[in-house]
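# Reading the structure
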Amino acid sequence: VESLAAQVNGQALIDEELLDEVTGLCEWPKAVMGSFDDGFLEVPPEVLIETMQKHQKYFALRSSDGQLLPRFITISNIESLDEGQVRSGNERVIRPRFSDAAFFWTQDLKRPLEAYAPRLKHVVFQKKLGSLAEKSSRVSQISRYLAGLLGLDEELAARAAHLAKCDLMTQMIFEFGSLQGIMGRYYAQRSGEDPCLCAAMEEQYLPRHAGDRLPESGCGQVLSIADKLDTLVGIFAIGERPSGVKDPYALRRASIGLLRILIETPIDLDLREILDFAAEELRERVEAKQAAEEVFQYVMERLKGYYHDKQIGSDIVDAVLSIGVTKPSDIDARVFAVQAYLGLPEAASLTAANKRIRNILRKSGEVAPEFVDPRYLVEGTEKKFAKRLIELQDVVACRLDARDYEGALAVLASLRGDVDAFFNDIMVMVDEPKLRSSRLGLLRSMEKLFLGVADISRLQ
């Protein structure tokens, strides 16, 4: 196929699934090139490619500048004595399919995209959650809210959500369902909509699968997040949480997609807060407040798999999540900071010390003071330790405010010698109450500094 395409200075679009399928269909493969009327190139190229690949098992061709060529390559299962007959037969078959596509395109363009919105009232999204029109209304309000948080155009975000599902009502999508969103972008462009909104029509479905690209426009990011929030909270609220391999609403994919957008873009949104807002928008259909918390926990559980693919251990994720961080972009920064911390020579000793501190504080049965009171300390080692902790508090606080978590942990790593000396020289649980309380306060102060980033005691 590639060799034949090169003869006309073209590049074949090799879809891996199509290549596997055609390979399985043929015992004696012979590539044959055909052509079609270049007038059909007025139809969006995605439609023509979809027709060639899905219906006819053809390979489409494009030029060096990325434009679709009026040619295709089919694979014959025989080396024909008259290749021209094979070519003309395939050209004859593809013509009516392209004619149908051109007809759908022309008919759909007779009205603006917004004109299809009333039809959404007659299509059920989910019987307990209402029609697609109701879903669009909820997503519109969520999009307006998110745009406000991010300093984006609220009206444009709301309108993008209003038009997002309209292309589902067009003739083209009835025939080519996999082009939802893509055709919405074309129809929005032809309707004179804002470029950001047009991009959002396609980007609302991103990422479609693992490794897929993410929305790039502000409207697309907001719409994609809003749509996923409404679906996740709504489906959980009606008791359809995924179980085992059963996930008819693709909630696992929606969860990972939501995390990827928030983390990899990154977008600084509090997941718990935006889920609560989405739950409130569902109030006319279903009580979803509890579902919002369930979705939050469900999405957080997906993080372990997300970071496992990046060769980051689940204990690191646990260490960060245990301190109650609710912004995925912030979680990501902390996870990589802890990963870097584990590479420091002081890490093993300080991690063990944090575990020991946690056990002492838990078993003491006392409420340790939040701050060090050096007046009641008597030994030189503990006084030095207290002084170091006080000195580092402002330094660490500045690093945390700047979200320089790796820097904060690097500063705290310098405590190793003081911590080792403290545990070698000092008995914490002495009889004298004020001295015991002061020493517990020392440990509590150190633990608090580390908890500004993660619960290091959870690391293996």
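First, a word on what this report is: a plain description of the structure on this page. Since the model is a prediction, treat every value here as computed from it, not as a measurement.

Right, let's talk about the sheet that holds strand S1 (residues 11–12) for a bit. An order of S1-S3-S4-S2 is seen for the four strands of this open sheet, with the pairing classed as antiparallel. Two strands lie at the open edges of the sheet, namely S1 and strand S2 (30–35), each paired on one side alone. Strand direction decides the pairing type here: strand S3 (residues 59–62) and strand S4 (residues 68–76), joined by three bridges, are antiparallel. Bridged to arginine 62 within S4 is leucine 68. This element, helix H3 (residues 45–55), spans S3 and S4 of the sheet and lies at about 10° to S4.

So, on to the pattern of salt bridges. Counted by the stated rule, this structure contains 33 salt bridges. Note that arginine 285 is salt-bridged to glutamate 134, the shortest N-O span being 3.1 Å. With arginine 285 in the loop between helix H12 (271–281) and helix H13 (289–308) and glutamate 134 in helix H5 (residues 132–150), this pair connects stretches of sequence that are 151 residues apart. By relative accessible area, which is 38% here, arginine 285 ends up partly exposed. The class of glutamate 134 is partly exposed, set by a relative accessible area of 31%. Between glutamate 382 and arginine 439 there is a salt bridge; the shortest N-O distance is 2.6 Å. Taken as a pair, glutamate 382 in helix H17 (residues 380–401) and arginine 439 in helix H20 (residues 433–451) lie far apart in primary sequence, 57 residues in all. Each member of the pair, glutamate 382 as well as arginine 439, is classed as buried. Here the residues in one salt-bridge network are Lys135, Arg138, Lys165, Asp227 and Asp230, joined through shared partners.

What counts and what doesn't
Residues numbered from 1 in each chain as written. Predicted model: local features only at pLDDT ≥ 70, side-chain atom pairs only at ≥ 80, totals over all residues. Heavy atoms only, no water. Pairing = 2+ DSSP bridges. Helix = DSSP H or I, 4+ residues; strand = E, 2+ residues; numbered from the N terminus. Contact = heavy atoms within 4.5 Å. Axes fitted to C-alpha atoms, helices over the stretch in contact; angles between N-to-C directions. Salt bridge = Lys/Arg side-chain N within 4 Å of Asp/Glu carboxyl O. Buried < 20%, exposed > 50% of the residue type's maximum accessible area, 1.4 Å probe, protein only.

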